[in-house]
Amino acid sequence: MLPVRGILFDKDGTLIDFRATWIPAYRGVADELADRLGGGDQLAAALLARQGFDVARGEFAEDSPLLWETNEAIAAAWSTGPEVAGRIDVLEVVLRHFSDVGLYPPQPVGDVAALLGRLRRRGLALGVATMDDTEIAHVHLRHLGIAEQLDFVVGADAGHGAKPAPGMAHAFCAACGLEPAEVIVVGDTPADLRMARNAGCAAAIAVLTGAMPSRALADLADHVLPSIQDIEQVL
């Protein structure tokens, strides 16, 4: 293995606390759709359940698309419901809610800015690869005050493919002059870890600040950490 020269982070569930940030946003979308369709709380809960989120228990199914899919795929899944089909532009609702940092301010996993500063002082290139849209990712990263600490930010809409395909990892390498074997990928879902494997990266590091249990990640990861705040132990 070559010396590690770069780290590619997932955004949601990795740099950003997934449950604290995204459960309110998902509920906000479902509530607006249900309200506009005249279905109330019962329909909102049903819309979330169809995407693998149990409102009563506050838990996600391990195969929930809300954990890792693109915004377009999430909107498409809601759009096909019998109550919704053809009546509302669901993608517009989804993108409006997901980009609203006033309603849903992204919650960082600890002092992310300080961590990234220490990593940069090690001479590491730092990037973000997310299944979110690229512009929404920039909005979130600016809100957290860490945008200037990142050398590369890419979303699933940028033309490099979606996880677990290797395209976003390879784009990070190309932008920063790195070989995949010099890069660690850090994420909270199997898609992140498989992207690392498919790209030939040095290591796939799992964190538990998303909504996936350790058992769903352990077989795919070189290390499973409580959060990114523990990444320096691996380095």
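Everything here concerns the structure above.
Everything in this summary refers to the structure shown in the same document. None of the values given here were measured: they were computed from a predicted structure. (Residues numbered from 1 in each chain as written. Predicted model: local features only at pLDDT ≥ 70, side-chain atom pairs only at ≥ 80, totals over all residues. Heavy atoms only, no water.)

1. So, the nonpolar core
Next, step 1: Ranked by size, the top nonpolar core spans 55 residues in total, and within it Leu 8, Tyr 26, Leu 33, Phe 60, Trp 78, Val 90 and Phe 98 carry the most contacts.
Next, step 2: Element by element, the count of residues in this core is highest for helix α1 (residues 18-37), at ten residues.
Next, step 3: The next biggest cluster of nonpolar side chains, apart from the first, holds 26 residues, and it includes Leu 15, Leu 116, Leu 124 and Leu 144. (Core = buried A, V, L, I, M, F, W, Y, C linked by side-chain atoms within 4.5 Å. Buried < 20%, exposed > 50% of the residue type's maximum accessible area, 1.4 Å probe, protein only. Helix = DSSP H or I, 4+ residues; strand = E, 2+ residues; numbered from the N terminus.)

2. Here we look at helix α5 (residues 112-121)
Next, step 1: Turning to α5, its buried residues number three or more, namely Val 112, Leu 115, Leu 116, Gly 117 and Leu 119.
Next, step 2: The inward-facing, buried residues of α5 abut β1 (6-9), β4 (125-129) and α9 (231-234). (Contact = heavy atoms within 4.5 Å.)

3. Details of the side chain of Thr 14
Next, step 1: Within the secondary structure layout, Thr 14 lies in the loop between β1 and α1.
Next, step 2: In this structure the side chain of Thr 14 is engaged in a polar contact, spanning 3.2 Å, whose partner is the side chain of Asp 10.
Next, step 3: The contact partners of Thr 14, leaving out residues within four places of it in the chain, are Phe 9, Val 109, Val 186, Gly 187, Asp 188, Val 207, Thr 209 and Ile 228. (Polar contact = N/O pair within 3.5 Å; in protein donor to acceptor, adjacent residues only side chain to side chain.)

4. Comments concerning unusual backbone geometry
Next, step 1: Cis geometry marks the peptide bond from Lys 163 to Pro 164; its omega dihedral reads 10 degrees.
Next, step 2: If you trace the backbone, Pro 164 turns up in the loop between β5 (152-154) and α7 (167-176).

5. Considerations on the packing of α1 against helix α4 (residues 90-98)
Next, step 1: Relative to each other, α1 and α4 sit at 145 degrees, their axes nearing to 9 Å. In this structure, α1 crosses over α4, and the sense of that crossing is right-handed. Across from Trp 22, Ala 25, Tyr 26, Gly 28, Val 29, Glu 32, Leu 33 and Arg 36 in α1, the residues of α4 making contact are Val 90, Glu 92, Val 93, Val 94, Arg 96, His 97 and Phe 98.
Next, step 2: Tallied by class, residues from the contact of α1 with α4 come to nine nonpolar, two polar and four charged. (Axes fitted to C-alpha atoms, helices over the stretch in contact; angles between N-to-C directions. Left-handed = near helix turned anticlockwise from the far one by under 90°. Nonpolar A, V, L, I, M, F, W, Y, C, P; charged D, E, K, R; others polar.)

6. Brief notes about the packing of helix α3 (residues 71-79) against α4
Next, step 1: Relative orientation of the contacting elements α3 and α4 amounts to 135 degrees, with a least axis distance of 8 Å. Classified by the interaxial angle, the pair formed by α3 and α4 is oblique. Both α3 and α4 take part in a crossing whose hand is right-handed. Across from Asn 71, Glu 72, Ile 74, Ala 75, Trp 78 and Ser 79 in α3, the residues of α4 making contact are Val 90, Leu 91, Val 94, Leu 95 and Phe 98.
Next, step 2: Residues belonging to the contact of α3 with α4 are distributed by class as follows: eight nonpolar, two polar and one charged. (Parallel < 35°, antiparallel > 145°, perpendicular 65-115°, else oblique.)

7. Quick word on the pattern of salt bridges
Next, step 1: Under the criterion given, the structure shown has 15 salt bridges.
Next, step 2: Of the charged contacts, one joins Arg 19 and Glu 59 as a salt bridge, the two residues approaching to 3.9 Å between their closest N and O atoms. Placement of Arg 19 in helix α1 and of Glu 59 in strand β3 (residues 59-60) is noted, with a sequence separation of 40 residues between them.
Next, step 3: Here Glu 32 ties to Arg 36 by a salt bridge, and the two come within 3.1 Å at their closest N and O atoms. Of the two residues, Glu 32 and Arg 36 are both situated in helix α1; the distance of four residues between them amounts to about one turn of the helix.
Next, step 4: Using a relative accessible area of 17% as the deciding quantity, one classes Glu 32 as buried.
Next, step 5: On the basis of relative accessible area, Arg 36 is assigned to the partly exposed category, the value being 45%. (Salt bridge = Lys/Arg side-chain N within 4 Å of Asp/Glu carboxyl O.)

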